[in-house]
Amino acid sequence: MPVKKIPAATAEELTRPVWLRAVITVAFAVVAIFWQGETVTLLKFSIAGYFVLGATAVWDYAKVEAVPITLRGPLAMGSAAWVLSGVAVIFVDTAAAAAVVAAIGFAAMGAAELVGGFRARHDFVPARDQIILGAVGLLTALGLAIGLQLDPHGILGVAGMGVVVMAVVLLISGSGLLHDAKRGRASTR
């Protein structure tokens, strides 16, 4: 089976939103894993920041014309779910409630990326990354739903582990897109 390459122009357009999401994801992973003395306030605001900022990166990705409508629609709905979850988590009072809202956010975006990725995977090579990200998002949601009784440290740990995997996928994807974009620039010289 021949390897499908991403057109250089498409890679050029997708590089920024993928790297932006990768940086946001890495930042949340670092906070979730390494921050000491977690409180419900840190839990709420770190999840809110991750969801709202991550939604903007996903929205920027979905707006690229090369992204097929079969992926664009689910990503737009996932972005909206992340923004709503990000705002909602600020208004909860307990770690368990924050975990529920986070689980809903991860599940919504995970399902959106999984559905969109499966629909677009044959026509749009980068959609395969969405399948992985969607599966990890759904597993993270499941982990949060199972760990509702955890304290803020535990909830951030569960979310952080899922986000670490997402960060690795996004960094690899961003590097591949950057390479394909540079390949395209080099061939036009």
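Residues numbered from 1 in each chain as written. Predicted model: local features only at pLDDT ≥ 70, side-chain atom pairs only at ≥ 80, totals over all residues. Heavy atoms only, no water.

**A look at the overall build of the chain**
Of regular secondary structure, the chain possesses 6 helices and 0 strands. Expressed as lengths along the three principal axes of its C-alpha atoms, the size of the chain is roughly 55 × 30 × 30 Å. In the chain, which comprises 189 residues, the proportion classed as buried is 47%. Long-range pairs, those at least 24 residues apart, make up 78% of the contacts in the chain between residues at least 6 apart in sequence. Per element, the accessible surface of the chain, about 9000 Å² overall, is 72% carbon and sulfur. Counting 14 positive and 11 negative side-chain charges, the chain places the centres of these two groups 9 Å from one another. (Helix = DSSP H or I, 4+ residues; strand = E, 2+ residues; numbered from the N terminus. Buried < 20%, exposed > 50% of the residue type's maximum accessible area, 1.4 Å probe, protein only. Contact = heavy atoms within 4.5 Å. Areas by Shrake-Rupley, 256 points an atom, 1.4 Å probe, with all protein chains shown as cover. Lys, Arg positive; Asp, Glu negative; His and termini not counted. Charge placed at Lys NZ, Arg CZ, Asp CG, Glu CD.)

**Comments concerning the nonpolar core**
Across soluble globular proteins, nonpolar side chains have a tendency to be buried as a group. Residues Phe-28, Tyr-50, Tyr-61, Leu-71, Phe-106 and Phe-124 are the most contacted members of the largest nonpolar core, which totals 51 residues. Put simply, the parts of the chain that give this core at least two residues each are helix H1 (8-34), helix H2 (40-62), helix H3 (69-90), helix H4 (95-120), helix H5 (127-146) and helix H6 (152-187). If near-sequence neighbours (up to four positions away) are discounted, Tyr-61 is found in contact with Leu-14, Pro-17, Val-18, Val-67, Leu-71, Leu-75, Phe-124, Pro-126 and Gln-130. (Core = buried A, V, L, I, M, F, W, Y, C linked by side-chain atoms within 4.5 Å.)

**Side note on the environment of Gly-176**
Mapped onto the fold, Gly-176 is located in helix H6. Put simply, Gly-176 and Thr-15 are 161 residues apart on the chain and 8.8 Å apart in space, counted from C-alpha to C-alpha.

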